[in-house]
Amino acid sequence: MKKKRMTKYAYDSTTSRVVGLTDDSPQWGKQFEKADMVIEAVFENLDLKHAVIKQVEEHLPEHAVFASNTSAIPISRIAEASKRPENVIGMHYFSPVPQMPLLEIIPHKGTSDKAAAAAFEVGKKQGKTVIFVKDVPGFYVNRCLGPYLVETGALIEGETCAHRM
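Residues numbered from 1 in each chain as written. Predicted model: local features only at pLDDT ≥ 70, side-chain atom pairs only at ≥ 80, totals over all residues. Heavy atoms only, no water.

Undergrad: Could you clarify how one ought to interpret the nonpolar core in this entry?
TA: Inside soluble globular proteins, nonpolar side chains tend to come together where they are buried. Phe32, Val38, Val56, Leu60, Phe66, Ile78 and Val88 are the most contacted members of the largest nonpolar core, which has 19 residues in total. The set of elements that each furnish at least two residues to this core consists of helix H2 (28–32), helix H3 (46–57) and helix H4 (75–79). With residues up to four places along the chain from it excluded, the contact list for Val38 reads Phe32, Val56, Leu60, Val65, Phe66 and Ala67. Grouped together as the second largest cluster of nonpolar side chains are 12 residues, Met91, Tyr93, Ala116 and Val130 included. (Core = buried A, V, L, I, M, F, W, Y, C linked by side-chain atoms within 4.5 Å. Buried < 20%, exposed > 50% of the residue type's maximum accessible area, 1.4 Å probe, protein only. Helix = DSSP H or I, 4+ residues; strand = E, 2+ residues; numbered from the N terminus. Contact = heavy atoms within 4.5 Å.)

Below, the structure written as structure tokens:
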């Protein structure tokens, strides 16, 4: 609202739908019972992600998609803890999320087309540039970034060496 990107009415309407919850809140499960999609963004720890997916799936409807915002853990490994692995997908956002337009969507081999389409639709509604990438280490951007950083370091080192001569 401060940046004039939304009216007071839109702000009030949006924030009125936000429900703050903790694990101890009695209405926690009731909120998830209405969800079509959950996007998890906990620390990059497979055991933690497995615990979250199990806890959330106790309350999610059968059709709901569970998306992980992982940047390093294979989606297929995250899906191993799911009762419905066909509904598990990766949605890798870049930081800072409001300014970064790219969203990598990472289906694993068992992800359904329906779950992939739902992730795509959510990304487009968020105004993101959505790309589908393979479930491989680094996905797309981080996989490409590594060689660039190595070459940049080599150029800087080379430049430093050239100045010493």
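Next comes the rest of the description.
Undergrad: Is there a simple way to explain H3 in this structure?
TA: Because each turn of an α-helix spans 3.6 residues, side chains separated by three or four positions in sequence point in the same direction. Helix length check: H3 (12 residues) gives 16 Å between terminal C-alpha atoms against 16 Å at 1.5 Å per residue, within 8%. Those residues of H3 that sit buried are Leu46, Lys49, His50, Val52, Ile53, Val56 and Glu57. All buried residues of H3 fall inside an arc of 165° around its axis, so they share one side. The secondary structure elements touched by the buried residues of H3 are H2, strand E1 (37–40), strand E2 (65–68), H4 and strand E3 (88–93). For H3, the N-terminal cap is Asn45; the gap from its side-chain oxygen to the backbone nitrogen of Asp47 is 2.9 Å. (Expected span 1.5 Å × (residues − 1). Arc of directions from axis to C-beta. Polar contact = N/O pair within 3.5 Å; in protein donor to acceptor, adjacent residues only side chain to side chain.)

Undergrad: What exactly am I supposed to notice about helix H5 (residues 113–125) here?
TA: In this model, H5 (13 residues) spans 18 Å end to end at C-alpha, consistent with the 18 Å of a helix rising 1.5 Å per residue. Here H5 has its buried residues at Ala115, Ala116, Ala119 and Gly123. Looking down the long axis of H5, one finds its buried residues gathered within 100° of arc, a one-sided arrangement. Pointing more than 90 degrees away from the buried face of H5 are the exposed residues Asp113, Lys114 and Lys125. Taken together, the buried residues of H5 touch E1, E2, E3, strand E4 (102–107) and strand E5 (129–132). Gly127, located one to two residues past H5, shows a positive phi value of around 80°.

Undergrad: What is the right way to read the sheet that holds E3 from this model?
TA: One key point about sheets: their strands pair by backbone hydrogen bonds, in either a parallel or an antiparallel sense. In spatial order, the strands read E1-E2-E3-E4-E5; together these five strands make up an open sheet with mixed pairing. Two strands bound the open sheet, and with one partner strand each, they are E1 and E5. Put simply, the sheet's adjacent strands are angled 25° from each other on average, direction ignored. Here H3 sits on the sheet and contacts E1, E2 and E3; the angle it forms with E2, its principal contact strand, is near 160°. Of the strands in this sheet, E1, E2, E3, E4 and E5 are in contact with H5, which crosses E3 at around 25°. (Pairing = 2+ DSSP bridges. Axes fitted to C-alpha atoms, helices over the stretch in contact; angles between N-to-C directions.)

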